[in-house]
Structure formats: C-alpha cells, structure tokens
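Listed here are the chains, written in short residue letters.
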Amino acid sequence: NAGVTQTPKFQVLKTGQSMTLQCAQDMNHNSMYWYRQDPGMGLRLIYYSASEGTTDKGEVPNGYNVSRLNKREFSLRLESAAPSQTSVYFCASSEGPRRGYTFGSGTRLTVV
Amino acid sequence: GESVGLHLPTLSVQEGDNSIINCAYSNSASDYFIWYKQESGKGPQFIIDIRSNMDKRQGQRVTVLLNKTVKHLSLQIAATQPGDSAVYFCADHNYGQNFVFGPGTRLSVLP
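Now for a quick tour of the structure. (Residues numbered from 1 in each chain as written. Chains lettered and ligands numbered in written order. Predicted model: local features only at pLDDT ≥ 70, side-chain atom pairs only at ≥ 80, totals over all residues. Heavy atoms only, no water.)

1. Re the pairing of strand β4 (residues 31-37) of chain A
All names here are of chain A. Quick note on the threshold: Only protein chains enter the accessibility calculation, which uses a 1.4 Å probe; a residue whose area is less than 20% of its type maximum is buried, one above 50% is exposed, and one in between is partly exposed. The helix count covers DSSP runs of H or I at least four residues long, the strand count covers runs of E at least two residues long, and both are numbered beginning at the N terminus. We treat two strands as partners when DSSP finds at least two bridges between them.
Across the 7 residues that make up β4, a large majority, 7, are buried. Alignment of β4 against strand β9 (residues 87-94), held across 7 bridges, turns out to be antiparallel. The residue of β9 that forms the bridge with Y35 is F90. Bridge analysis of β4 against strand β5 (residues 44-49) gives 5 bridges, and the strand direction is antiparallel. Looking at the pairing, Y33 lines up with Y48 of β5. Taking the residues between adjacent antiparallel strands as the criterion, β4 and β5 are bridged by 6 residues, where G40 takes a positive phi near 75°.

Encoded structure:
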C-alpha cells in the first residue's frame with residue numbers, strides 16, 4: 001500500500017520557469033491538500049480539495065494553481081517560479097475534514 | 001498550533017527517560033487535535049489524536065493531554081528511544097476550517 005506518492009522528490013528551477021508537482025493517493029480518500037514547509041514555520045496550506053471536483057484556496061495560494069484530476073490525483077502548478085517559492089512541498093490526503101492526514105514524502109524545490 | 005517564530009524549540013532527553021512536548025493553540029473553538037512526528041527527510045506521520053470532549057488519551061508509549069482552559073496540549077513519550085528523535089508538532093482543527101499546524105519541537109535523544 002503506497003499511501004501518498006509525490007513526484008519529483010527534488011527540483012531546481014530558474015526564476016520564471018514553470019512546473020507541476022504531482023500527487024496521487026491510493027487510499028480512496030475524499031480530501032487532498034498541498035502544504036509548504038519552511039524552516040521554523042509550521043505547515044502552511046496552499047490549496048485543498050475537499051472532494052473530487054472541488055478546490056479551494058488555503059492560507060498562501062498566491063503564485064500557485066491546482067487541479068483535482070480525479071479522486072486519486074491532485075497536482076500543484078507553479079506558473080512562474082520565484083525564489084520565495086523555495087520550500088518543501090507536501091501533499092496530504094484524508095477521509096474527510098476532521099480526520100488525520102496521510103502525508104507524502106515531500107518535494108524539495110529550489111528556485112534560483 | 002501557535003506560531004512561535006523562526007527558531008525551532010529543541011528538547012534533549014536521555015534515552016530511557018520520559019519526554020514531554022508542549023503545544024499552545026490559539027483558537028478556543030478548536031475541537032480536534034493531532035500530534036505528528038516528522039523524521040528528517042520524510043513527511044509528517046500521525047501519532048495520536050484527541051477530541052475536545054476528552055482531556056487525556058493514551059496510545060502505545062504516548063499520551064496526549066489537553067487543557068482547554070489554557071489552550072494547551074502536551075505529548076508525553078514514555079521510555080524515549082533513539083528512534084523517537086524527530087520534529088513533533090501539533091495541529092488543531094475547528095469546525096468548518098482546516099487544520100492549523102504549529103512550528104514543531106525538535107526532540108533529540110541522547111545515548
């Protein structure tokens with residue numbers, strides 16, 4: 001049982017480049033989330049999808065877009081990367097809004 | 001969880017001792033709390049949860065205490081082992097909102 005799978009694990013981008021972070025879960029969870037984690041700070045919610053077909057902004061959505069492709073997959077896109085987006089990105093899923101999250105192993109993104 | 005700035009608090013304990021990790025939350029409407037463990041280079045992992053109608057919950061070697069009066073949560077780890085070395089953080093949830101995560105505490109287990 002793979003849980004939550006994120007790709008890629010590492011990425012270096014130049015300022016202005018675009019990329020898509022992929023996330024897939026095999027637990028039949030309804031809700032999926034994208035977080036970023038910066039040193040000394042808690043996880044901050046970028047976007048979430050409470051159920052297939054819906055997406056909503058979180059605390060720090062600027063500079064990002066998301067797509068809930070189907071129940072399994074939730075992708076995060078950076079259209080024009082900026083150095084401030086250097087971070088570790090985590091995808092998570094849960095059965096619903098008041099259930100524990102299962103996290104992926106993260107994508108370490110550096111924007112130069 | 002409550003933001004405590006850029007510096008991650010660190011707790012160092014001797015192997016075999018008990019560890020107590022604390023967390024303050026700010027929203028008095030929070031009704032569900034989770035502790036996560038994050039090892040270096042990995043994603044956070046669920047440890048234990050507690051709902052606001054409880055003040056204590058026990059798991060295997062871990063106990064979570066909730067004090068709603070002062071909006072405080074603690075995680076107790078019994079007989080701390082080297083494998084417990086990680087960053088631990090709490091998350092609180094209130095109805096209609098998403099979880100809010102604290103910045104975490106780094107636990108170092110000394111041999």
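2. Topic: the pattern of salt bridges
We apply this condition: Every case where a carboxyl oxygen of Asp or Glu lies within 4 Å of a side-chain nitrogen of Lys or Arg is listed as a salt bridge.
Applying the stated criterion across every chain yields a total of 7 salt bridges over all chains. Note that R61(B) and D84(B) form a salt bridge whose closest N and O atoms lie 2.9 Å from each other. Linking R61(B) in the loop between β5 (56-58) and β6 (62-67) with D84(B) in the loop between β7 (72-77) and β8 (86-94), this pair joins segments that are 23 residues apart in sequence. If you follow the salt bridges from partner to partner, you end up with R36(A), D38(A) and R44(A) in one network.

3. Details of the sheet that holds β6(B)
Consider a sheet: its strands pair through backbone hydrogen bonds, and that pairing is either parallel or antiparallel. Residue and element names in this part refer to chain B. Our working rule: Every angle, taken between N-to-C directions, lies between 0 and 180 degrees, and every axis is a line fitted to C-alpha atoms, over only the stretch in contact when it is a helix.
Overall, antiparallel pairing links the 4 strands, which are arranged β2-β7-β6-β5 in an open sheet. Across the chains shown, the open sheet's two edge strands, defined by having one partner strand only, are β2 (19-24) and β5. When strand polarity is set aside, the average angle formed by the axes of neighbouring strands in this sheet is 15°. Here β6 pairs with β7 via 6 bridges, running antiparallel. Along β7, the bridge assignment pairs T63 with Q76.

None of this, on its own, says anything about what the molecule does.
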